[in-house]
Amino acid sequence: MGTIADQREQLEIPMATARPASALLTQVIDAHGGMARWNERKKVEATIVSGGGFFPLKGVMPDSEPRRMTVWLHEARSSVLPYGAPDQRTMLTPDRIAIEKIDGTVVAERRDPKDSFAGHQMSTQWDALHLAYFNGEALWTYFMTPFLLTLEGVVAEEAEPWHEDDETWRVLRAHFPGSIDTHSLVQDFFFDHDFRLRRHDYSVNIAGGFPASQLTSDYIVANGIHLPAKRRAYTRGPDRRPILDMLMVRIDISDVQFT
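Conventions used here
Here the residue numbers are simple positions, counted from 1 along each chain's written sequence. Per-residue local features are limited, in this predicted model, to residues with pLDDT of at least 70; the limit for side-chain atom pairs, both in listing and counting, is 80 or more; totals at the level of whole chains, interfaces and linings are taken over all residues. Excluded from the side-chain calculations are hydrogens and water; all other atoms, namely the structure's heavy atoms, are used. For helices the rule is a DSSP run of H or I covering at least 4 residues; for strands it is a run of E covering at least 2, with both sets numbered from the N terminus onward. Our radius of gyration is a C-alpha quantity, and the globule rule it is checked against amounts to 2.2 Å times the number of residues to the power 0.38. Only protein chains enter the accessibility calculation, which uses a 1.4 Å probe. A residue is then buried if its area is under 20% of the maximum for its type, exposed if over 50%, and partly exposed in between. Contact between two residues is taken to exist if any of their heavy atoms lie within 4.5 Å; hydrogens are not considered. We call Phe, Tyr and Trp rings a pair once their centres come within 6.5 Å, taking the six-membered ring for Trp, and we label the pair stacked below 30 degrees between planes, edge-to-face above 60, and tilted otherwise. The arc under discussion is defined with respect to the helix axis, by the directions toward the C-beta atoms. Two strands form a pair only when DSSP identifies at least two bridges running between them. Between Lys or Arg on one side and Asp or Glu on the other, a salt bridge is scored when a side-chain nitrogen of the former is within 4 Å of a carboxyl oxygen of the latter.

## Overview of the overall build of the protein
Each helix and strand in the protein was counted, giving 5 helices and 14 strands. Its C-alpha atoms give the protein a radius of gyration of 17 Å, near enough to 18 Å, the size a compact globule of 259 residues would have. Counting only C-alpha atoms and orienting by the principal axes, one finds that the protein spans roughly 50 × 40 × 35 Å. Counting all 259 residues of the protein, 50% fall into the buried class. Of all intrachain contacts in the protein linking residues separated by at least 6 positions in sequence, the fraction that spans at least 24 positions is 51%.

If you want it as structure tokens, here you go:
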């Protein structure tokens, strides 16, 4: 799935002037609601509608109906309802993905689900558990951002700024331990002058490691936590820019509640 060096090469952000990210990360966390408020909450629930060209490539047609996503904020756990049937949901926990009935009865499960993606390329076909894992780890990553960067074992450093039209976005490069289920070991997060997330770059390791850029917009506030309501992920070109006619995944988020 690629070494850290491989993923650095794909991201291609200059690291010669990288420096500790503590000050920028503090400003980013404060702009998204603050650590104290985040620590008061246990989970987030939201309605999501998703689609995009990535899913047909995997042999699974996207479900355009609204679904309810739940992400636990202080443990590696996420779930989406419904999934496959009105009374079924997914449940992603460390080293396990499951499809289960609402009462907890297991319909299907896979232990060590990351291992099932070995050798996969962008067009390798997925089954229902592959898709459930992708949904779980991706949405967990997105709803946890940027607080994700404060987790134990995550190392963040500030890279060269990115110039977008007449704006300058500051960039945090995060190195994730293998124990965290997320897209890739190295990811870049771009923040504007208000310290809001505008772009997220990563490699999709479970689909051959292809480079992606996700653009974020339409910020909302839920229970004092700030987050983007629209996410659009594109294949990333050799110029480090998203290829806008290659929309891979779109996600619209609404009815968000932190509890």
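## A look at the packing of aromatic side chains
Aromatic rings considered in pairs are described by the distance between their centres and by the relative angle of their planes. Scanning all chains against the criterion turns up 11 aromatic pairs. Arranged with centres 5.9 Å apart and planes meeting at 70°, the rings of phenylalanine 54 and phenylalanine 55 form a pair that is edge-to-face. The same class applies to phenylalanine 54 and to phenylalanine 55, which are both buried. A centroid spacing of 5.8 Å and a plane angle of 45° characterise the contact between phenylalanine 54 and phenylalanine 210, whose relative ring orientation is tilted. Of this pair, phenylalanine 54 sits in helix H4 (residues 54-57) while phenylalanine 210 sits in strand S12 (residues 210-222), placing them 156 residues apart in sequence. Residue classification places phenylalanine 54 among the buried positions, given a relative accessible area of 1%.

## Looking at the side chain of histidine 120
Its place among the elements puts histidine 120 in the loop between strand S7 (106-111) and helix H5 (128-144). Aside from chain neighbours lying at most four places away, what touches histidine 120 is Gln125, Trp126, His130, Ile206, Ala207 and Gly208.

## Examining helix H2 (residues 22-31)
Residues lying three or four places apart along an α-helix face the same way, a consequence of the helix completing one turn every 3.6 residues. When H2 is considered as a whole, its buried residues turn out to be Leu24, Leu25, Val28 and Ile29. Angular distribution of buried residues about the axis of H2 spans 135°; they occupy a single face of the element. Of the residues in H2, the exposed ones pointing more than 90 degrees away from the buried face are Ser22, Ala23 and Asp30. Check the buried side of H2 and you find it contacts helix H3 (35-40), strand S8 (155-164), strand S9 (167-175) and strand S10 (186-191). Where H2 terminates, the next one or two residues include glycine 33, which has phi positive at roughly 125°.

## Considering the pairing of strand S5 (residues 88-93)
Of the strand pairs in this sheet, S5 and strand S6 (residues 96-101) are connected by 6 bridges, and their pairing is antiparallel. The partner of glutamine 88 across the bridge, within S6, is lysine 101. Once S5 ends, the chain turns through 2 residues before running back antiparallel as S6, passing aspartate 95 with a positive phi of about 70°.

## A look at the pattern of salt bridges
For the structure shown, the criterion picks out 15 salt bridges. A salt bridge links arginine 110 to aspartate 127, with the shortest nitrogen-to-oxygen separation between them at 2.7 Å. Residue arginine 110 is located in strand S7, and its partner aspartate 127 is located in the loop between S7 and H5; the two are separated by 17 residues in the primary sequence. In this structure, aspartate 201 engages arginine 199 in a salt bridge whose closest nitrogen and oxygen atoms are separated by 2.7 Å.

## Some remarks on the pairing of strand S11 (residues 197-204)
Of all 8 residues in S11, 7 are buried; the element is thus mostly enclosed. With 4 bridges connecting them, S10 and S11 associate as antiparallel partners. By the bridge assignment for S11, phenylalanine 191 is matched with leucine 197. Looking at chain direction, S11 and S12 are connected through 6 bridges and run antiparallel. From the neighbouring strand, histidine 200 faces S12, where its bridge partner is glutamine 214. If you look at the hairpin formed by S11 and S12, you'll find 5 residues sitting between the two strands, and glycine 208 has a positive phi there, around 85°.

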